[in-house]
Structure formats: C-alpha cells, structure tokens
Amino acid sequence: MLFEFSDEELAIRAAAERIAAERLAPLAARLDRGEGRAEFLANLRLLAENGFMALNVSPEHGGTGAGSVAFALAVEALAYACASTAVTVSVTNMVGEVIQAVGSPEQRAAYLPRLAGGDYAAGAFCLTEAQAGSDPAGMTTRARRDGDHYVIDGAKLYITSAEYAGVFVVWAVTDPTRPKGKGVSCFLVEAGTPGIVIGKAEEKMGQHGSATNAVHFENCRVPASALMGRENDGFRVAVGELAGGRIGVAALSLGIARAATDAALAHVVERRQFGQRLADFQGLQWMLADRATEIEAARLLVLAAAARKDRGEPFGKEASMAKLFASETAHRCTDTAIQLHGGAGYCRDVPVERLARDARITRIYEGTSEIQRLIIARELLRNAG
C-alpha cells in the first residue's frame, strides 16, 4: 500500500519533530530521574497550543480534526524524543475521542475545548482495576443511581496522568444483575470532585515522566448528566476506544524503536575495536538490518490501521497487529542497541538504557501482547467460520 501524506499530515509531523527536538529531548533524561515536572507540564501546554492534544477532534470543539494518520505520525515523532510525553498525548487524545464519540452536545462543548486548548494538562482513562486488567469486563467499581446523581465507589489502577488530569473518563458497573460486561456505564468526572482520591505515583521501571496512579472513588457523587452515552452500554464504548488507543501505543513503540536504532547506528560508526569500526563487522550489520526491516514493517502496520480508521472501516484487528508487532519490535530494537553499545549501554548516562526501560511497558499497556494475539486470532477464526 502506498501512503501519500497530505500537506496537513506532513506539517503536523514536522511540527511534532521540531517540538520534540527543541523541548522534549533536552528534558527526557531529567524526567527519567524524577525531575523537571514543571517543564513537562509546560511542554504539554505547548503541545496543546499547537493542536496535538485533540488531533482527531473536530475543529468545532477546538480540535485539529487531522485524523488518525496524523495522530500516529505525531506520536511517533514525540516518542522518538520522550516516551513519557508521547503517552500523555496519546491518552489525552483517547479521552477527547471518546467524549466526541458518545458525549452529549453539552459534554462536548464543556470538555473538548479544555482538553484541546490546554486548560486541562491532560485527560485520564479510568478502566483498569486490580482484578480487571486484561479482563476489564470483570470490574467491580460501582455507580448507583441516587435521584439526580450517581454515586461512584471503587478503585482504578495504573491510571496515566491521574495527578494532573483535568477530567476522568470512568467506567463503573451500574447494573450488577446483568451478565458480565453488560451492565457497565461510562461517566465524565472532573478533577477535584469530592470523593476522588489520587493515590501515590507508582515507582515504575520506565516512563518516569508520566505519572501513573491509583484513583479511588469514595462516595463520589456526580450529576446524572455525567453519564456518557446510554446507561449499561459503556463496555462497548471502552472496547472501541481501546482499539484506537492501540494505534497510539504502536506509534509510540515505533518512535522508541527508531530512536534506539539510530543511537546504535551512530555508536557502531564511531566505535572501533580490533582496529576497525564496529560497523565493519558483518554480524553487527545483520543485526542492524533486521531491526531496520522490522521498523519499516511496523510503520506500515501502524499506518494501515490508522488509514482504515480514518476511512471509517473496521480496524480492530489491524490495530492489534500494529500494536503487537510495533511493541515487540521496540523490545528487540532497544535490546540490540544495548548489545551494540556493550557495557556502556547498561549505564544510565547512555540513552539506550532509558529507551529499553521505556519500551518494556509497551508490550503490556493498552492490552498485552498475549491479548493482542487473542484478538487477532478471534477475528481470523470468525472470518474463517
């Protein structure tokens, strides 16, 4: 398939690359050390002002309206410099898309301009629970109707951007008598609503700049107007939005993979052993050739899924393929980059060490590699049947 990017898509990629080089890359190492939060939030504001927080949201609501291909190009460019920033942008775009897709006109008017314009530093997607990760239909968070309100009780786990999100999209069981996954509803809950308690930040292996927290709901009362879409129809919404989010994680993985491979290329050209450049050893050349081939294949999978989404075609299987292959490629590329750096690659002052830690979560969040294989196989067997 031949991809010819529009002028708008090319401009968005160029702007993302410029911001990534000028603002994100110089900060990435400090974020990894737990520093630079103020600068990180300033960068999120800058990205919002340049249209990156609502790339697939209609201009009517303050978004860019550029589509999923532009979104994938932007996230890849940002992740090349800083995965922590890229995942924040990706999740915030997910939040904007779900509000646009199922929110009421009042909800769209109230929340989308704030996300798109940077009034909210980020949006948060509250689905995962301690006993409902790969099986989100098993959630136990409850939302009971109480007059003109719903009262939410429960806890969500591993929520990206929870510390600085302005609005949370929250899934909760509204009818526990229904079959699993059939009685789930979706709510919009603003930060600062009484009853929301943000837990301490998780001490993660990588992507340290992106806060990840538990979010507790303790007798959290929200107006009935906070319900998005139809009551008890929320799980269908979640499944649909996860597919879109997988394009984002696939693009993020691609950015990390490319950064690691570029670092490895620069190192083997410069470093000499046994009287010659590392780049002159055929065995190392083959390692790089394999990684470069996988990067190109991952890019085509990401773009194919994004293009199908833009055309309004089913894209769930393709998004899972892209996410699976790109995240596994990021793992192989960062591992190869460390190997080619030798002992230096294992040291924290060399960027490939950080890239390897940042890449590891891509095989887990937005659905593990094993879950992606199940989704792909299910679609293949459905078509075969």
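Here the residue index of a chain counts from 1 through its sequence in written order. Side-chain atom pairs in this predicted model are given and counted only at pLDDT of 80 or more, local residue features only at pLDDT of at least 70, and totals for whole chains, interfaces and linings cover all residues. The side-chain figures draw on all heavy atoms in the structure; neither hydrogens nor water molecules are used.

Per an unreviewed UniProt entry, the protein goes by the name Acyl-CoA dehydrogenase family protein and belongs to Alsobacter ponti. According to the UniProt record, the Cofactor (unreviewed entry) comment for the protein is "FAD". Regarding the protein, the relevant UniProt record gives this comment under Sequence similarities (unreviewed entry): "Belongs to the acyl-CoA dehydrogenase family." UniProt positions are given in the numbering used here, feature names are shortened, and annotations may be inferred rather than shown by experiment.

> Would you mind showing me how to read the packing of aromatic side chains here?
The relation between two aromatic rings is expressed through the spacing of the ring centres and the mutual angle of the planes. For Phe, Tyr and Trp, rings pair up if their centres lie within 6.5 Å, where Trp contributes its six-membered ring, and each pair is then called stacked (planes under 30 degrees apart), edge-to-face (over 60) or tilted (otherwise). Going through the model one piece at a time under the given rule, you end up with four aromatic pairs. Both rings, one in Tyr-150 and one in Phe-187, keep their centres 4.9 Å apart while their planes meet at 65°; by these two values the pair is edge-to-face. Placement of Tyr-150 in strand E3 (residues 149–160) and of Phe-187 in strand E5 (residues 184–190) is noted, with a sequence separation of 37 residues between them. Burial classification: accessible surface area is computed with a 1.4 Å probe over protein chains only, and a residue below 20% of its type maximum counts as buried, one above 50% as exposed, and the rest as partly exposed. Classification of Tyr-150 by relative accessible area gives buried; the value is 2%. Aromatic side chains Phe-274 and Phe-281 sit 6.4 Å apart centroid to centroid with 75° between the ring planes, which places their arrangement in the edge-to-face category. Taking the relative accessible area as the measure of exposure, Phe-274 reaches 75% and is therefore exposed. Note on Phe-281: relative accessible area 26%, which makes it partly exposed. Whether a charge sits over a ring comes down to the Lys NZ or Arg CZ being within 6 Å of the ring centre and within 35 degrees of the ring normal. Here the basic side chain of Arg-332 rests over the ring of Phe-325, its NZ or CZ set 5.8 Å away from the ring centre. Helix and strand labels come from DSSP, where a helix needs a run of H or I of at least four residues and a strand needs a run of E of at least two; each type is numbered from the N terminus.

> Could you clarify how one ought to interpret the UniProt feature "domain: Acyl-CoA dehydrogenase/oxidase C-terminal" (unreviewed entry) in the protein in this entry?
Annotation from UniProt places "domain: Acyl-CoA dehydrogenase/oxidase C-terminal" (unreviewed entry) at residues 232–381. Annotated as residues 232–381, this span is 77% helix and 3% strand, and its ends, taken at the C-alpha atoms, are 28 Å apart.

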